[in-house]
Every structure is written in structure tokens, then in C-alpha cells.
Amino acid sequence: MFGATRSRVRRVRHGVTAVAAGLVLLGASACSSGDQQGDGADGKNAGAENGSATGKPSAVGPAPLTEEQLTAASLTDGEKIGRYTVSDYALGAPLGEDYTADPAVCQPLVSLAPGATAFDPAAEVHRKADVPDEMLGLTVSVQLRSYAAQGATGVLKALRTAGKECAGGFTEDRALAWAKYLKVEPAEAPGLGDEAIAYRFTILDVKGTLKLYEYLTVVRSGSTTLSFRAEIPGTEDVGGVPDEIVQAQWQKFRAAGQD
């Protein structure tokens with residue numbers, strides 16, 4: 001795969017600015033605690049209202065997991081899962097995090113990095129699982145991401161939209177090369193979390209000669225997503241993300257009390 005740093009186009013979000021002018025207090029009694037906490041008629045915090053107005057997730061619901069919490073709930077460097085060994089990425093994340101999709105609606109199928117959807121993660125952790133002795137063997141990227149409010153739900157919705165809109169294929173821009181996704185098909189998703197989704201990709205390699213196969217599985221639990229991407233350099237169809245890797249990460253996540 002080709003790695004390159006690209007400039008991500010960020011959405012410009014316009015906040016709603018509250019302007020207060022000519023406010024004069026003449027002998028009025030002190031504001032009640034309820035008035036201090038909320039400016040809306042329903043007592044909601046003005047910051048939350050502004051967040052919704054700008055397209056950002058509002059500050060409603062439990063706080064998203066921190067990077068420290070995600071790390072504690074993730075697979076660890078050197079951990080063994082059957083024939084696979086878990087390790088950290090040398091650059092901190094998969095090279096594919098910087099790839100883009102054309103058309104843009106297909107982006108969630110390429111990467112869920114910040115900017116991929118309307119909901120940016122609050123924190124994320126990246127691991128990979130492979131067989132160290134197999135240079136051309138299967139590699140599975142395992143990524144945990146937390147979101148504010150309904151962000152994780154929005155991400156799954158964006159994935160489903162991409163799966164439908166991009167079923168006939170799209171182009172993946174790797175900065176130095178392009179890969180053509182010929183087909184996006186639903187795959188068997190695990191019965192884990194609040195919801196899960198899986199896809200099988202048929203991809204024409206960058207030379208335009210070989211058909212390659214990749215699989216993506218994403219599980220949502222509350223405001224956190226656990227994503228698994230299985231890829232192999234050759235033309236073998238591995239049939240899906242290895243279930244032992246998905247189950248191992250899910251059990252680690254549950255044991256950390258984050259499900």
C-alpha cells in the first residue's frame with residue numbers, strides 16, 4: 001500500500017454567537033441557579049444548543065471514552081490471538097487513514113479518521129494483528145474510536161449510506177496512486193454490541209491487473225465503535241475478518257467495563 005500525508009478538507013462549522021448588549025441590572029434580585037445554568041426556555045445549556053446548531057454533536061449523554069480508557073480496553077502489543085500477534089503501528093495508525101474516496105460519500109468505507117463523516121472521534125486507538133512470519137499474509141487493523149452524544153450512531157448511519165451509494169464501486173486516492181473499488185457487498189456481521197455492519201470489497205490493484213479482496217467490520221457499543229479491516233496483498237479471498245480477532249477485542253472491551 002502507498003502511504004502519503006494528505007491535507008484533509010475540514011468542514012467549516014459556523015457557531016451561533018450570542019450577543020448581549022445594554023444589559024442593566026437595577027435593583028433586581030439575584031438570578032436563580034436554574035437561570036444561571038440555562039438560557040433556553042427549557043433550561044438546556046446554551047453550549048449544547050450551539051453545538052447542535054453548528055452540526056457538532058451536542059454535549060448530551062455520557063462523556064466519550066478518553067484515549068486512556070480506549071487503550072485500557074484495546075488489544076495490547078505482543079498479545080497472542082491464535083496464530084496472530086497484536087502490535088502497534090510504527091506510524092501510530094494505518095497508512096489508509098490518509099486515503100480519500102471519490103465520490104466523497106464513500107469515504108467511511110475507506111477510513112473513519114477525523115473528517116470522514118460529520119462526526120469526528122473524541123479519541124482513537126489503533127492496533128494491528130498479523131502473523132509476523134508471513135510477509136504477504138493477512139493483516140487486520142483494529143481501531144477503537146469514541147464519540148460525543150450520538151456520534152457513533154451517526155457513523156454507522158454514514159457507513160450504511162456509503163454501502164448503498166457505493167455498491168457499484170468508487171476510486172480510492174492514495175496520493176501516489178489510485179485503487180479502483182469494483183464492488184461493495186454486505187458481509188456477515190457479528191451479533192455484538194448495539195449494532196454491527198460488515199462489507200466485502202472487490203478491488204482492482206493499483207496496476208489495474210489483479211482483483212484483491214478486503215473486509216470491513218464495524219461494531220458499535222454505546223458511543224464507541226470497534227472497527228476491523230482485513231486485507232492481504234495477494235488475490236486470496238480470506239472470507240472475512242477472522243472471528244477470533246473480533247471476539248478477542250470485544251471481550252477485552254467488555255472486561256474493561258466499556259460495553
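What counts as what
- Residues numbered from 1 in each chain as written.
- Predicted model: local features only at pLDDT ≥ 70, side-chain atom pairs only at ≥ 80, totals over all residues.
- Heavy atoms only, no water.
- Helix = DSSP H or I, 4+ residues; strand = E, 2+ residues; numbered from the N terminus.
- Contact = heavy atoms within 4.5 Å.
- Areas by Shrake-Rupley, 256 points an atom, 1.4 Å probe, with all protein chains shown as cover.
- Buried < 20%, exposed > 50% of the residue type's maximum accessible area, 1.4 Å probe, protein only.
- Expected span 1.5 Å × (residues − 1).
- Arc of directions from axis to C-beta.
- Disulfide = S-S within 2.5 Å.
- Salt bridge = Lys/Arg side-chain N within 4 Å of Asp/Glu carboxyl O.
- Pairing = 2+ DSSP bridges.

A. The overall build of the protein chain, seen in detail. In terms of helices and strands, the protein chain carries 6 helices and 10 strands. A sequence separation of at least 24 residues applies to 63% of the contacts in the protein chain between residues at least 6 apart. Surface summary for the protein chain: the accessible area is close to 13,700 Å², and the carbon and sulfur share equals 52%.

B. Seen up close, unusual backbone geometry. Here D102 and P103 are connected by a cis peptide whose omega angle stands at 5°. Its location among the elements puts P103 in the loop between β3 (100-102) and α4 (107-110). One non-glycine residue, A149, adopts positive backbone phi at about 45°. When you line up the elements, A149 lands in the loop between β5 (139-146) and α5 (151-165). If you check the backbone angles, A175 has positive phi at about 70° while not being a glycine. Following the sequence through the fold, A175 ends up in the loop between β6 (170-173) and β7 (178-186). Given the relative accessible area of 42%, A175 is considered partly exposed.

C. Structural context of helix α6 (residues 243-255). Across its 13 residues, α6 extends 18 Å between first and last C-alpha, which sits within 8% of the 18 Å expected from 1.5 Å per residue. Inspection of α6 places I245, V246, Q249, W250 and F253 among the buried residues, and these make up the whole buried set. When α6 is viewed along its axis, its buried side chains cluster within an angular range of 125° and face the same direction. Buried-residue contacts for α6 involve β1 (80-81), β2 (84-87), β4 (123-130), β5, β9 (211-221) and β10 (224-231). Of the residues one or two after α6, G257 is the one with positive phi, at around 75°.

D. A look at the state of the cysteines. One pass over the structure, following the stated rule, counts 1 disulfide. Two residues share a disulfide in this structure: C106 and C166, whose sulfurs sit 1.9 Å from each other. With the S-S bond torsion at -100°, the cross-link from C106 to C166 turns out left-handed. Of this pair, C106 sits in the loop between β3 and α4 while C166 sits in the loop between α5 and β6, and the two are 60 residues apart along the sequence. Side by side, C106 and C166 carry an identical accessibility label, which is buried.

E. Summary view of α5. Taking 1.5 Å of rise per residue, the 15 residues of α5 would be expected to cover 21 Å, and the 21 Å separating its terminal C-alpha atoms lies within 8% of that figure. Considered for burial, the residues of α5 that qualify are G151, A152, G154, V155, L156, L159, A162 and G163. On the buried face of α5, the contacting elements are α4, β7, β8 (195-204), β9 and β10.

F. How the structure looks around the pattern of salt bridges. Tallied over the full model, the rule gives 12 salt bridges. We note a salt bridge from E214 to R229, for which the minimum N-O separation is 3.1 Å. Of this pair, E214 sits in strand β9 while R229 sits in strand β10, and the two are 15 residues apart along the sequence. Residue E214 shares its accessibility class with R229, and that shared class is buried. Look at the salt bridges and you will find they share partners, linking R160, D194, E195 and R220 into a network.

G. Quick look at the pairing of β8. With 8 of 10 residues buried, β8 is to be regarded as a mostly interior element. One ladder, built from 6 bridges, connects β7 with β8; its direction is antiparallel. For P186, the partnering residue across the bridge sits in β8 and is Y199. As paired elements, β8 and β9 share 10 bridges and run antiparallel to each other. When the bridges of β9 are listed, F201 appears paired with E214.

H. Quick look at the environment of A230. Tracing the chain through its elements places A230 in strand β10. The sequence separation of A230 and G240 amounts to 10 residues, and the corresponding C-alpha distance is 7.1 Å. When near neighbours in sequence (up to four residues on either side) are disregarded, A230 contacts L138, T139, V140, Y213, E214, Y215, G240 and V241.

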